[in-house]
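Take a look at the letters that make up each chain.
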Amino acid sequence: MAHGHNSKEKVVFVGDSRVKKGSMVNIPPDFTAFPGKSEAFIPYFLLKEWMVGVVVLVGFLVLTIAHPAPLGYPADPMNAAFIPMPDWYFLFMYQLLKYPYVAGDYVVLGVMGIPGLAFGALLLAPFLDTGKERRFYRRPIASALMLLSLISVVYLTKVSWDHYQGQLEATGTKPEHIIREEKAREAYEKGQPAPSVVKRAKPIAIVAEDDPALELMKQNNCLSCHASDLNGNSGIPALRGIGDQFTKEELANVVTNGNGNMPAFKDKLSAAEIDQIATWLSKQKKAE
Amino acid sequence: MFKGIYNWIDERLDITPMWRDVADHEVPEHVNPAHHFSAFVYCFGGLTFFITVIQILSGMFLTMYYVPDIINAYASVDYLQHKVAFGGIVRAMHHWGASLVIVMMFLHTLRVFFTGSYKAPREMNWVVGMLIFFIMLGLGLTGYLLPWDNKAYFATKVTLQIAESVPYLGPYIKELLNGGEIVGAQTLTRFFAIHVFFLPGALLALLAAHFFMIRKQGISGPL
Amino acid sequence: MSNHEHHDTAHQPVHRKEMTRRQFLAYTLGGTTAFLAAGPVLPMVRFAVDPILTKKTEGTYVKVVEESKITSEPQEFKFQIHQVDGWYESDPELAAWIAKDDQGNIFALSPICKHLGCTINWNTQKDNQYFCPCHEAKYTKEGKNLRVAPNPLDEYDLKLENGFIYLGPVKPNTKV
């Protein structure tokens, strides 16, 4: 029986109806047509394949260390000076759309027609080129079409890239990631930290914090609703930066007569005191 | 001990044939660069796969720091590249790997084309390979937007403009990719989802089919 | 001696410890595999574990309140700290319960209940104890856990300077 079986040797269950007898249906062509011209996948073939992999990996790691990925400035939809560029492997299609007869009224041809035909033909190549011949020089049409497409792709990519370089030169712009790198290097040479390009909403500072008006407001419970840090609460406006939204007269009016949930203070405060508070509040502007 | 564990599993699942099948199958000599140096052209497929694995791994690690949100996307990329140790290298791997995978795949496609290896009985594998090619281009396109810098933003805007010029369906395609009226918050999350979940899922399925067919049909014989 | 040894080996069957060709290839393949895996993965792993390897910043002290306002009855004071969390910088508000003990030493307790992290309050049950509304945990004025909670309340590092109280990072309770 299987229990109490301690041997490290493999047990082969016999007659277990759940397990199909191993029948290797998945036998690939064994290249018997080339006797002595084949070898085992592991280790012979894989080892050589991976030696090539090692060479590529070393080159790749050197590239990643030497050239960090470019990063420009945060996206700004209002930036009119930026010259848009797709990644290099889309350039040929990008360039194609610049030619007459594939742009303007004929843009369908440029967007759908030519790329659709080219990629469609590539996708269905085995069904278009059905001959038995495999050597490329014995099937001139297929090879010629492929070479022609290759040449045009390379040509379009080059034209597009040269045009971009020309534009950069003509407008005197440098790609953003290069400007960034230069600035970071300059800062590094001066011993400063790299300039931060991430824009951040700065908390609005309180203007003239030692003004007696603030003390007056504390005494009259203004801050119990508008919060002791003047940042407001849910539904209650922050008093920081309130001077950007209201004039002194409007503020004095709200304090005197109230507004919505805001109680009127005309009974608790004198007109002079309200004026003092409104003056101080109107100074609460966001620092530029 | 490892032998014990292996035998325990093998008794139950009979795993030996699975890996022996892969390990021992015969491969023709003419694809091995050690025999004919010119056979290095047969390595591009394997290299494409190797770079793809690097892409998947580096992408997984990058998402530990990246957020797909228009306010934080740029800041998080900036942070992971400049503040996290090796961040520059990991992002460079993903950035340059994206280009390298296209190059390798392109060379692999040319090799298969010029050796006529796509001919019967391997037509289906060629079609699957081309689908992989399209998926890779889609990954490149969607990944380009994610850092949310000016280059990413304007390139995507132009791409979507091009998509809009498709007759009849164009405006719908554009709006679907935009996730709204403008290239903005919803575009970014959409492109992120497509780049990280949809296309890689399709890619893995197609790669499995590609390898299964290679294994089933073997490498095409010498010319 | 050497002659003797030589004599010995000469009579034994030649038994050189040599690898077979297949073994050598297997080891080479293993080494290459390891390199191909480690090359890309090691930088990524270093990238991922960066948070535990970065130097923790020294806790900074934040000015909270005048020393003269502290009584033997605990009072709650709010203060803001500047927090840098990766790419996200914020100024969250923290609270501290500050009081004088019997010797007149000022101490500040964190209001985070040590049971499950709710926020405690002082004397809501009119028994001069800290009370957590979630599971009715109670603490003495010094933060000693009386019921439910497993540990005493945490304490803030505290510094007195020019009549002001400065609070620093949180540390385990030192009063009880």
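Going by an unreviewed UniProt entry, chain C carries the name Menaquinol:cytochrome c reductase iron-sulfur subunit and comes from Paenibacillus roseus. Within the UniProt record for chain C, the comment given under Sequence similarities (unreviewed entry) is "Belongs to the Rieske iron-sulfur protein family." Regarding chain C, the relevant UniProt record gives this comment under Subunit (unreviewed entry): "The main subunits of the menaquinol:cytochrome c complex are a Rieske-type iron-sulfur protein (QcrA), a cytochrome b (QcrB) and a cytochrome c (QcrC)."

Looking at an unreviewed UniProt entry, chain B carries the name Menaquinol:cytochrome c reductase cytochrome b subunit, with the source organism given as Paenibacillus roseus. According to its UniProt record, chain B has this under Subcellular location (unreviewed entry): "Cell membrane". Looking at the Function (unreviewed entry) heading of the UniProt record, one finds this comment for chain B: "Component of the menaquinol:cytochrome c reductase complex."

Q: Describe the overall build of chain B, listing the residues and the values that go with them.
A: Within chain B, the secondary structure is distributed over nine helices and one strand. Taken along its principal axes, the extent of the C-alpha atoms in chain B is 55 × 50 × 35 Å. For chain B, the residues scored as buried account for 43% of the 223 residues in total. Counted over contacts in chain B with a minimum sequence separation of 6, partners at least 24 positions apart contribute 65%.

Q: Give a detailed account of the UniProt feature "domain: Rieske" (unreviewed entry) in chain C, specifying residues and quantitative values.
A: Cross-referencing UniProt, the feature "domain: Rieske" (unreviewed entry) maps to residues 98–167 of chain C in the present numbering. As annotated, residues 98–167 of chain C comprises 0% helix and 41% strand, and the C-alpha atoms at either end are separated by 10 Å.

Q: An account of the interface of chain A and chain B is needed here, citing residue identities and associated values.
A: Quite often, the size of an interface is put as the accessible area lost when its parts meet. At the interface, 62 residues of chain A touch 71 residues of chain B. When residues of the side of chain A that touches chain B are traced back to their parent elements, those giving at least two are strand 1 (38–40), helix 1 (41–66), helix 3 (107–123) and helix 4 (125–128) of chain A. Across the side of chain A that touches chain B, the residue classes tally to 41 nonpolar, eight polar and 13 charged.

Q: Requested: an account of the sheet that holds strand 7 (residues 121–122) of chain C, with residues and values cited.
A: In a beta sheet, neighbouring strands are held together by backbone hydrogen bonds and run either parallel or antiparallel to one another. All names here are of chain C. The strand order across the open sheet built from four strands is 7-8-9-10, with neighbouring strands paired in antiparallel fashion. Edge positions in the sheet fall to strand 7 and strand 10 (145–147), since each has one partner strand and no second. Two strands pair when backbone bridges link them, and strand 8 (residues 130–132) and strand 9 (residues 137–139) are joined in this way by three bridges, in the antiparallel orientation. Paired with Phe131 across the bridge in strand 9 is Lys138.

Q: Describe the interface of chain B and chain C, listing the residues and the values that go with them.
A: Contacts between chain B and chain C engage 17 residues on the former and ten residues on the latter. Those elements giving two or more residues to the side of chain B that touches chain C turn out to be helix 3 (44–62), helix 4 (73–82) and helix 5 (87–114) of chain B. Of the residues belonging to the side of chain B that touches chain C, the class tally is twelve nonpolar, four polar and one charged.

Q: I'd love a proper account of the UniProt feature "domain: Cytochrome b/b6 N-terminal region profile" (unreviewed entry) in chain B, names of residues and values included.
A: Under the feature "domain: Cytochrome b/b6 N-terminal region profile" (unreviewed entry), the UniProt entry names residues 5–223 of chain B. Measuring from the first to the last C-alpha atom of residues 5–223 of chain B gives 46 Å, for a span that is 71% helix and 1% strand.

Q: Give me the UniProt feature "transmembrane region" (unreviewed entry) in chain C: which residues, what numbers.
A: Listed under "transmembrane region" (unreviewed entry) in the UniProt record, and renumbered for this structure, are residues 24–45 of chain C. As a span, residues 24–45 of chain C carries 100% helix and 0% strand, and end to end its C-alpha atoms are 30 Å apart.

Q: Could you give an account of the UniProt feature "transmembrane region" (unreviewed entry) in chain B, with specific residues and numbers?
A: UniProt marks residues 39–67, 96–114, 126–146 and 192–214 of chain B with the feature "transmembrane region" (unreviewed entry), using the numbering shown here. Overall, residues 192–214 of chain B shows 100% helix and 0% strand. The separation of its end C-alpha atoms is 32 Å.

Q: I'd love a proper account of the packing of helix 7 (residues 212–219) of chain A against helix 10 (residues 271–282) of chain A, names of residues and values included.
A: Angle between the axes and distance between the axes are the two parameters that describe a pair of packed helices. All names here are of chain A. Contact geometry of helix 7 with helix 10 gives a least axis separation of 9 Å together with a crossing angle of 115°. Crossing of helix 7 over helix 10 shows left-handed handedness. From helix 7, Ala213, Leu214, Leu216 and Met217 reach across to helix 10, where they touch Glu273, Gln276, Ile277 and Trp280. Split into classes, the residues belonging to the contact of helix 7 with helix 10 amount to six nonpolar, one polar and one charged.

Q: Describe the domain arrangement of chain C, listing the residues and the values that go with them.
A: Each assigned domain of chain C is listed with its residue range as follows: domain 1 (2–51) and domain 2 (62–171). Taking only C-alpha atoms, the centre of domain 1 of chain C and the centre of domain 2 of chain C are 61 Å apart.

Q: Describe the pairing of strand 5 (residues 93–100) of chain C, with residues and values.
A: Residues and elements named next belong to chain C. Judged from the six bridges that link them, strand 2 (residues 75–80) and strand 5 form a sheet pairing that is antiparallel. The partner of Phe77 across the bridge, within strand 5, is Ala96. With four bridges joining them, strand 5 and strand 6 (residues 106–109) adopt antiparallel strand pairing. Its bridge partner lying in strand 6, Trp97 is registered against Leu109. Counting the residues that bridge the hairpin from strand 5 to strand 6 gives five residues, and of these Gly104 lies at a positive phi of roughly 90°.

Q: Any chance you could break down the packing of helix 5 of chain B against helix 2 (residues 21–48) of chain C for me, citing the residues and the numbers?
A: Packing of helix 5 of chain B against helix 2 of chain C brings their axes to within 8 Å, and their N-to-C directions diverge by 130°. The angle between helix 5 of chain B and helix 2 of chain C places the two elements in the oblique class. At the point where helix 5 of chain B passes helix 2 of chain C, the crossing takes the left-handed sense. Residue-level inspection shows Gly87(B), Ile89(B), Val90(B) and Met93(B) of helix 5 of chain B in contact with helix 2 of chain C, the latter providing Pro40(C), Pro43(C), Met44(C) and Phe47(C). Its residues assigned to classes, the contact of helix 5 of chain B with helix 2 of chain C shows seven nonpolar, one polar and no charged.

Q: Talk me through unusual backbone geometry; I want residue IDs and the actual numbers.
A: Here the bond from Ile42(A) into Pro43(A) is cis, since omega is 5°, no more than 30 degrees from zero. Take Pro43(A): it is sitting in helix 1. Across the junction of Ala120(B) and Pro121(B), the peptide omega takes the value 5°, indicating a cis bond. Locating Pro121(B) in the fold gives a position in the loop between helix 5 and helix 6 (123–145). Even without being a glycine, Glu136(C) presents a positive backbone phi close to 60°. Tracing the sequence through the fold places Glu136(C) in the loop between strand 8 and strand 9. By C-beta crowding, Glu136(C) is classed as exposed, having 12 other C-beta atoms within 10 Å. Located in the positive-phi region is Val148(C), a residue other than glycine, with phi close to 65°. Within the secondary structure, Val148(C) sits in the loop between strand 10 and strand 11 (155–161).

Q: So, the nonpolar core: which residues are in play, and what are the values?
A: As a rule of thumb, nonpolar side chains are buried together in soluble globular proteins. Val90(B), Val101(B), Met136(B), Trp148(B) and Ala152(B) are the most contacted members of the largest nonpolar core, which totals 67 residues. If you list the elements that add at least two residues to this core, you get helix 1 of chain A, helix 3, helix 4, helix 5, helix 6, helix 7 (150–164) and helix 9 (185–217) of chain B together with helix 2 of chain C. Ranked by residue count, the leading element in this core is helix 5 of chain B, at eleven residues. In this view, Val101(B) contacts Thr48(B), Ile51(B), Thr52(B), Gln55(B) and Met136(B); residues no more than four positions away in its chain are not counted. Formed by 18 residues, the second largest nonpolar core is a distinct cluster that contains Trp97(C), Ile98(C), Cys132(C) and Tyr156(C).

Q: Which residues make up the confidence of the model for chain C, and what values go with them?
A: All names here are of chain C. Per-residue pLDDT for chain C averages 83, and the proportion of residues at 70 or more is 90%. Across chain C, element-level confidence peaks in helix 2 with a mean pLDDT of 92 and bottoms out in helix 1 (residues 2–11) with 49. For residues 1–6, every residue scores under 50 in pLDDT, and the model assigns this stretch zero contacts once sequence neighbours within four places are set aside.

Parameters at a glance
Residues numbered from 1 in each chain as written. Chains lettered and ligands numbered in written order. Predicted model: local features only at pLDDT ≥ 70, side-chain atom pairs only at ≥ 80, totals over all residues. UniProt positions renumbered as here; feature names shortened; annotations may be inferred. Helix = DSSP H or I, 4+ residues; strand = E, 2+ residues; numbered from the N terminus. Buried ≥ 20, exposed ≤ 12 C-beta atoms within 10 Å, placed from the backbone. Contact = placed C-beta atoms within 7 Å. Nonpolar A, V, L, I, M, F, W, Y, C, P; charged D, E, K, R; others polar. Pairing = 2+ DSSP bridges. Axes fitted to C-alpha atoms, helices over the stretch in contact; angles between N-to-C directions. Left-handed = near helix turned anticlockwise from the far one by under 90°. Domains from an automatic or database assignment. Parallel < 35°, antiparallel > 145°, perpendicular 65-115°, else oblique. Core = buried A, V, L, I, M, F, W, Y, C linked by C-beta atoms within 7 Å. pLDDT = per-residue confidence, 0-100.

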